Amino acid sequence: MDDYLVKMDISGLTGRLKRLNDLFVYQTKEFYQEFDIDIEPNWHMIFLMLEENENLTVTEMAEATKLSHPAIIKLTNKMKKRGYLESFQDPNDLRKQQLKLSKKAKNKMDQLKKYWEAGEKSLNDLVNNRKELLKEMELLENNLIEKSFKERMVEYLHT
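Residues numbered from 1 in each chain as written. Predicted model: local features only at pLDDT ≥ 70, side-chain atom pairs only at ≥ 80, totals over all residues. Heavy atoms only, no water.

Trainee: Can you break down the overall build of the protein chain residue by residue, with the values?
Mentor: Within the protein chain, the secondary structure is distributed over eight helices and three strands. Counted from the first residue to the last, the protein chain has its helices and strands arranged as α-α-α-β-α-α-β-β-α-α-α. Relative to a compact globule of 159 residues, whose C-alpha radius of gyration would be 15 Å, the protein chain shows 19 Å and is clearly more extended. Along the first, second and third principal axes, the C-alpha set of the protein chain runs to 55 × 40 × 25 Å. Of the contacts made within the protein chain by residues no fewer than 6 positions apart, 47% connect residues no fewer than 24 positions apart. When the accessible surface of the protein chain is totalled, it reaches about 12,400 Å², and 53% of it is carbon and sulfur. Across the protein chain, 27 positive and 28 negative side-chain charges occur, with their mean positions spaced 4 Å apart. (Helix = DSSP H or I, 4+ residues; strand = E, 2+ residues; numbered from the N terminus. Rg over C-alpha atoms; globule rule 2.2 N^0.38 Å. Contact = heavy atoms within 4.5 Å. Areas by Shrake-Rupley, 256 points an atom, 1.4 Å probe, with all protein chains shown as cover. Lys, Arg positive; Asp, Glu negative; His and termini not counted. Charge placed at Lys NZ, Arg CZ, Asp CG, Glu CD.)

Structure below.
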């Protein structure tokens, strides 16, 4: 049987994006398991943001990644449980918790960067024209920010 999501053309886009995400996540998890790395694929961005900024709040991370606050909390809580993050009260605002990389995370960072570099090289192998792909993704994201998918569907429904 032919790939139904491909057959759907543009209507199959969200299904194909989900499928691609699942493939990347599951195959990266397999890689990490094979090399006995006790992290998860979607932690990469948190490690790099905190290495670059030393400490951040969940809100700052959510704003920087354009991911939801609950999504960042879920990631960072898992990272804290595995000993990769530490939290402390913000001295300027006692209502806020700052997060930073733990000693364990800092000690593993060089090793992790080698794995992430291999991942980046692999992505370059998989994509013919990365600049065009990233430009199209940015355009799609910006268009959804400008006017949501729901708003667009409602407009077309009433025309």
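Trainee: So what's going on with the nonpolar core? Which residues, and what values?
Mentor: Formed by 24 residues in total, the largest nonpolar core has its most connected members in Ile39, Ile46, Phe47, Leu50 and Met61. Listing elements by their share of this core, those giving two or more residues are helix 3 (44–53), helix 4 (58–65), helix 5 (69–81), strand 3 (93–101) and helix 6 (103–126). Counting residues per element, this core draws most heavily on helix 6, at five residues. Discounting chain neighbours no more than four positions away, the residues touching Met61 are Ile46, Met49, Leu50, Leu56, Ile72, Thr76 and Leu99. (Core = buried A, V, L, I, M, F, W, Y, C linked by side-chain atoms within 4.5 Å. Buried < 20%, exposed > 50% of the residue type's maximum accessible area, 1.4 Å probe, protein only.)

Trainee: Account for the layout of surface pockets, with residues named and values stated.
Mentor: Here the second largest pocket is characterised by a volume of approximately 180 Å³. Along the walls of the second largest pocket sit Thr57, Val58, Thr59, His69, Ile73, Thr76, Asn77, Lys80, Ser87, Lys96, Gln97 and Leu99, which together make up its complete lining. Elements with a minimum of two residues in the lining of the second largest pocket: helix 4, helix 5 and strand 3. It is helix 5 that provides the largest number of residues to the lining of the second largest pocket, a total of five residues. When grouped by side-chain class, the residues that make up the lining of the second largest pocket number three nonpolar, seven polar and two charged. (1 Å grid on protein atoms, 1.4 Å probe; cavity = no way out; pocket = protein on both sides within 12 Å on 5 of 7 lines; lining within 4 Å. Points joined across faces, edges and corners; volume = space filled by probe spheres on them. Nonpolar A, V, L, I, M, F, W, Y, C, P; charged D, E, K, R; others polar.)

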